[in-house]
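Take a look at the letters that make up each chain.
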Amino acid sequence: MGTRGAASDKTVAQVIAACLARHGVKVLFSQSLPSAILLAAEDIGLRQFMYRTENAGGAMADGFARISGKAAVVTAQNGPAATLLVPPLAEALKSSIPVVALVQEVDRAATDRNAFQELDHISLFQSCTKWVRRVTEESRVDDYVDMAFTVANSGRPGPTALLFPADLLKEPAPVSGRRESCLGGFPLDRTLPSAAQIDVAADQIASAQDPMVMAGGGVHLSGAAPELAALQEEAHLPVMTTVMGKGSVSEEHPLSLGVGGNLLGRFSPGYHLRPMIEGADLVLLIGTRTTQTDTDSWTIFSPHARYIHLDIDHAEIGRNYEGLRLVGDAKLTLTALTLRLRGRRKASADVVEQIAAARARHASEIAPLLRSDAMPIRPERLMAELQRVLTPDTIVVADSSYSHAWVASYLRALKPGMRFLTPRGIAGLGWGLPLALGARAARPDSPVLCVAGDGGFAHVWSELETARRTGTPIVVTVLNNGVLAYQRDAEDVKFGRHTSGCAFSPVDHAQIARACGCRGVRIERPADYHDAIREALASPDTTVLDVITDPEAYPPITLLDGKLEVVRRSRSEVS
């Protein structure tokens, strides 16, 4: 037991709650456990945002952190509840999102005695967090809570986990010199590369003939969208983003290339820009892990291109593209880089005209799909209608699979810093709805639009009750095509056929929404969607728009480009 200082009139649980408040925590994503912590938290005014399942609760915390700029807290019971935190923490780890998990353990005296729901949580969380610790001493509670927030918000952000034996939480906490720092926001520490490195980077950009930027999610994590926009203007640089970096710059800017990577297939807004991307002689990588999808399996850039990589994580620089290392915070570094480039690069009318011509050509090609009155409904038409209701403050959330691809390809960011959330760390299904709830909890005055396929939405139907109970209104568009379309289509391309496990029985998601006390609207005609979206945005309640969509539609993913149609034609000829 702890020995530092005499006993106070506060329990360990109350000290934990006070620590959370000190770090700016106002909301805990939880389900009443660990009860001692939640009771103490509610006593001092912290809100319990109760989820229905731990995996969804972790995703809610993820969405909250992305929008609030603060580490979010999720709690869980030991055993099976704790295991359900693994998927959302793994997503947060790969996507660099700070989440602090507080997990109850069995009493200290019952450890290693096969107590009820006992599990080795250290081993469980080591693979999906930056840092995990078990707290066993009353005197160290402040220290460990501070460490959890420090690690979560430092360097490359990510999840941490603290494990508390149930009996420890009820112990009296010793009187000690309390810590005072607030460590809840990120980036916790902003650092700059050396002035010499920034000078070299500026020289390389200034002397490059065809430079470009690839901006990743690290731009949003740093809050560096205004600084990237300023660099784009000052140095006249074309900017392409990753899916997580979408919104780093306005996609209506004449030098915006939109989302790249594996979303450059036919009918992509960037399809006709691929020669420009492949012809870049210098690429400035900002806050990106240069993943397989973001680089189209590391094929998107010229083998002769040079690279400058700006990232807070030194280990990511040079992982896939060797180049000049700028280890530091994006916001500070882009400011310094822009100052050093002032007046050194002239605008290129040819580049602007090339981008404009590519956009015009794409607009002509995609127009029939954007206006399509076909039934079942084309997702492209839905994206065109969604674009009409977007404001710069709208938060758009997309589930994984095809949903993220439709949103990334066909919705445009209206300003630098506009947020588009999607789970791209490990790209698991079912994140859309809980991410959206977490985002709305973080920014209750912003409209939140969520797009999810029927496959992913089925993972989290129960959280509609959470939306109703917590008074967290969002608008969910379910692309109901009755099939796991990405799985089916990828199997067709890779194997020439698909398994029997890709199709669903018909489901009326609007009825499910109404059963949970939410609004539910079933849409079968494309002309009905726009008015339904506007009504949903005006409603104080969560609305599910169950839209019957074309099961044969697929977004501009390069894996499928020119291949899926061949498989489909050959199958129809055989039949």
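Residues numbered from 1 in each chain as written. Predicted model: local features only at pLDDT ≥ 70, side-chain atom pairs only at ≥ 80, totals over all residues. Heavy atoms only, no water.

**Q** I would appreciate a short explanation of empty space enclosed by the protein in the present structure.
**A** Take a probe with the size of a water molecule and roll it over the atoms, and the empty space left behind shows itself. Counted by the stated rule, this structure contains 2 cavities of 30 Å³ or more. The calculated volume of the largest cavity comes to roughly 190 Å³. As for the largest cavity, its lining consists of 21 residues, of which Tyr402, Gly453, Asn481, Val483 and Ala485 are closest to the centre. Its residues placed into classes, the lining of the largest cavity shows 10 nonpolar, 8 polar and 3 charged. The volume enclosed by the second largest cavity comes to roughly 50 Å³. What lines the second largest cavity is Val243, Lys246, Ala398, His404, Val407, Ala408, Phe420, Leu421 and Thr422. Sorting the residues of the lining of the second largest cavity by element identifies α16 (402-410) and β16 (420-421) as the ones contributing at least two each. (1 Å grid on protein atoms, 1.4 Å probe; cavity = no way out; pocket = protein on both sides within 12 Å on 5 of 7 lines; lining within 4 Å. Points joined across faces, edges and corners; volume = space filled by probe spheres on them. Nonpolar A, V, L, I, M, F, W, Y, C, P; charged D, E, K, R; others polar. Helix = DSSP H or I, 4+ residues; strand = E, 2+ residues; numbered from the N terminus.)

**Q** I tried to follow the environment of Val397 on my own but got confused; where do I start?
**A** Tracing the backbone through its elements, the reader meets Val397 in strand β15 (residues 395-398). Residue class for Val397 comes out buried when judged on its relative accessible area of 0%. Expressed as a C-alpha distance, the spacing of Val397 and Ser500, which sit 103 residues apart in the sequence, is 30 Å. Once you skip the residues sitting within four places of it in the chain, Val397 turns out to touch Leu421, Gly432, Leu435, Ala436, Val448, Leu449, Cys450 and Val451. (Buried < 20%, exposed > 50% of the residue type's maximum accessible area, 1.4 Å probe, protein only. Contact = heavy atoms within 4.5 Å.)

**Q** It is not clear to me how the nonpolar core should be interpreted in this structure. Could you clarify?
**A** Here is a general trend for soluble globular proteins: nonpolar side chains tend to be buried in one another's company. By size, the foremost hydrophobic cluster in this structure holds 57 residues, and its most contacted members are Phe29 and Phe125. A total of 7 residues in this core trace back to one element, the largest contributor, which is helix α3 (residues 54-68). Residues contacting Phe29, with those up to four places away along its chain left out, are Phe49, Tyr51, Gly57, Met60, Ala61, Phe64, Val73, Val74 and Thr75. Ranked by size, the runner-up nonpolar core spans 43 residues in total, among them Leu386, Val451, Val475 and Leu564. (Core = buried A, V, L, I, M, F, W, Y, C linked by side-chain atoms within 4.5 Å.)

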